[in-house]
Amino acid sequence: MTPDTRSSSRVPRVAAIALVVGMLLAGAWTVAAPPARGAGLPAAEPKLLAPEEAFRFSARALDAHTLEVRFDIADGYYLYRDKLGFEADAALGTPALPEALRKHDAFFGEVLTYRGRLVVRVPVPSGVAGQSLALKAASQGCADAGVCYPPSLQQVKVALPAAGAGAGPLVEPERKKGWFN
Amino acid sequence: MLAPPDPDPAARRSSWRRWALVAGVVAIALIAGIELARYGYRAADEARAAAALLAVELPDPSGRVQRIDQWRGKVLVVNFWATWCVPCREEMPGFIKAQAASGGRGLQFVGIAVDKPEPVQRFASELGLNYPTLIGGLPAMVLSRELGNRLVALPFTIVLDRGGRVVATHLGPVKPADLHAIVDPLLQP
């Protein structure tokens, strides 16, 4: 038996097979995890949060007639007061918007904004204990870093608690969904 | 239990060498394959983005439908903006200046406003906008995402060369110096 001569004649074939295997693996890898879009474009983007992280929305029912909506606004981000809006599959009363920060805007004049935690009480005059409400919240805000996010509509399902049961749990919208998906 | 000693150390060495070679080739091929595929994705992405952008038809503030590819052959700077976006408004005087200075050398700005016609018209005349802006509304945000606007935020700017190829995309205000660095080499002398 002469393993040495046999193996040396096999090396190119083995190398060729290895090359094919490697390319196939690489192909499979990149198909499974394609690079982020525009990765090659010279886009020096500021470090920014996705809007649903910059303006974390949640809601709960305080009682059968009152919803509490929260926006936890990340540092360096702000929401516009006049772009906030709430609707549900039951009639809602006038939301109790807290005092906002005043800012002069060259085009719109005075604008009102919120930073930090924004808590809004929204009356549900026709609310019934045990009822499940689909609450939609519209909002729009910007980052001090120099970008603005388009108006967003987020939705949560809130169950109205029975009388004397106390406030319900805070509900957040489901994550991992793009705004336009 | 001990394994019996290898009867042929020379054969063992050669088989070790063969496997080292195989591993090396697999590693190199893996890296080459990934890079090649990345390059392919990128090139295909950019070509798709540019074609999608040039095919866009949107109304101007007066309601007339305009096609982006009417400006093909120019160095095209397409800027997604809105009147409700302060950083967008703040960068536009720089665009107006660049359009006035380099329009004759083939530079063409086009705005796509994620907005309603009335505020756009009002802002354009207040500012003395010297380049066209089209009304995209919210669907324009979807378009900008396809062009690489990962966060779907404003302002977002994309530069195409005279051949309609994507040269740069940028989220956030574009610094005048950066704009010059990208655009100037593409303009007529």
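Cut-off values and rules
Counting restarts for each chain: residues are numbered from 1 in the order of the written sequence. Lettering of chains starts at A and numbering of ligands starts at 1, both following the order in which they are written. Thresholds applied to this predicted model are a pLDDT of at least 70 for local features of residues and 80 or more for the giving and counting of side-chain atom pairs; totals over whole chains, interfaces and linings are not thresholded and use all residues. Based on all heavy atoms of the structure, the side-chain values leave hydrogens and waters out of the count. Disulfides are defined in this document as cysteine sulfur pairs within 2.5 Å. Buried, partly exposed and exposed residues are distinguished by accessible area as a fraction of the type maximum, computed with a 1.4 Å probe on protein chains only: under 20%, between the cut-offs, and over 50%, respectively. Pairs were defined over the aromatic rings of Phe, Tyr and Trp, the Trp ring being its six-membered one, requiring ring centres within 6.5 Å. Orientation was assigned from the angle between planes: stacked under 30 degrees, edge-to-face over 60, tilted for the rest. Secondary structure elements are taken from DSSP: a helix is a run of H or I of four residues or more, a strand is a run of E of two residues or more, and numbering for both begins at the N terminus. In predicted models, pLDDT denotes the confidence assigned by the predictor to each residue on a 0 to 100 scale. The contact criterion used throughout is that any non-hydrogen atoms of two residues lie within 4.5 Å. Each pair of strands is called paired provided DSSP finds at least two bridges between the two strands. For our purposes a nonpolar core is just a set of buried Ala, Val, Leu, Ile, Met, Phe, Trp, Tyr and Cys residues, chained together by side-chain atoms within 4.5 Å. To get an axis, fit a line to the C-alpha atoms, keeping to the stretch in contact for a helix; angles then go from 0 to 180 degrees between the N-to-C directions.

1. What to know about the state of the cysteines
Note on terminology: a disulfide is the covalent bond linking the sulfur atoms of two cysteines.
Residue and element names in this part refer to chain A.
Item 1. Taken as a whole and assessed by the stated rule, the structure comprises two disulfides over all chains.
Item 2. The side chain of Cys142 participates in a disulfide bridge whose partner is Cys148; the two sulfur atoms lie 2.1 Å from each other. Taking the sign of the S-S torsion, 95° for the link of Cys142 and Cys148, the bridge is right-handed. Here the two residues Cys142 and Cys148 agree in accessibility, since each one is buried.

2. What to know about the packing of aromatic side chains
Residue and element names in this part refer to chain B.
Item 1. If you walk through the whole model with that rule in mind, you get 11 aromatic pairs over all chains.
Item 2. Both rings, one in Phe80 and one in Phe156, keep their centres 6.1 Å apart while their planes meet at 50°; by these two values the pair is tilted. Here Phe156 lies in strand β6 (residues 156-160) and Phe80 lies in strand β3 (residues 75-81), a separation of 76 residues in the sequence. Neither Phe80 nor Phe156 differs from the other in exposure class; each is buried.

3. Observations concerning the confidence of the model for chain A
All names here are of chain A.
Item 1. Residues of chain A with pLDDT of at least 70 account for 80%, and the chain-wide mean is 83.
Item 2. Note on residues 1-5: pLDDT is under 50 here. Beyond four places in sequence and across chains, it has five contacts.
Item 3. Contacts from residues 35-43, a stretch scored under 50 in pLDDT, to residues over four places away or in other chains number 15 contacts.

4. Quick look at the environment of Lys47 of chain A
Item 1. Structurally, Lys47 of chain A is set in the loop between α1 (3-32) and α2 (51-54).
Item 2. C-alpha separation for the pair Lys47 of chain A and Tyr114 of chain A, spaced 67 residues apart in sequence, amounts to 21 Å.

5. Examining the sheet that holds strand β9 (residues 141-143) of chain A
Residues and elements named next belong to chain A.
Item 1. One open sheet holds the five strands; their spatial order is β5-β6-β3-β9-β10, and the pairing between them is antiparallel. In the strand order of this sheet, the two ends are held by β5 (101-105) and β10 (147-148), each with one partner.
Item 2. Pairing between β5 and strand β6 (residues 109-114): five bridges, direction antiparallel. By the bridge assignment for β6, Arg102 is matched with Leu112.

6. A closer look at the nonpolar core
Item 1. Core analysis: the largest hydrophobic core is formed by 93 residues, its most contacted members being Leu67, Val69, Phe71 and Tyr77 of chain A together with Phe80 and Leu154 of chain B.
Item 2. Once residues lying within four places of it in the same chain are set aside, the contact partners of Val69 of chain A are Phe57, Ser58, Ala59, Phe86, Leu118, Val119, Val120, Val122 and Leu135 of chain A.
Item 3. With six residues, the next largest nonpolar core counts Ala15 and Ala18 of chain A together with Val22 and Val26 of chain B among its residues.

7. Quick notes on the sheet that holds strand β4 (residues 107-113) of chain B
All names here are of chain B.
Item 1. Here five strands make up an open sheet; going across it, the order is β5-β4-β3-β6-β7 and the pairing mixed. Because the sheet does not close on itself, it has two edges, and the strands there are β5 (133-135) and β7 (166-171). The mean angle between the axes of side-by-side strands here comes to 15°, regardless of whether they run parallel or antiparallel.
Item 2. Direction of pairing for β4 relative to β5: parallel, over a ladder of three bridges. Within the sheet, the bridge partner assigned to Ala113 lies in β5 and is Ile135.
Item 3. Of the strands in this sheet, β3, β4 and β6 touch helix α4 (residues 139-146), which is tilted by about 130° from β3.
Item 4. The strands touched by helix α5 (residues 176-183) within the sheet are β3, β4, β6 and β7, with β3 carrying the most contacts at an inclination of about 145°.

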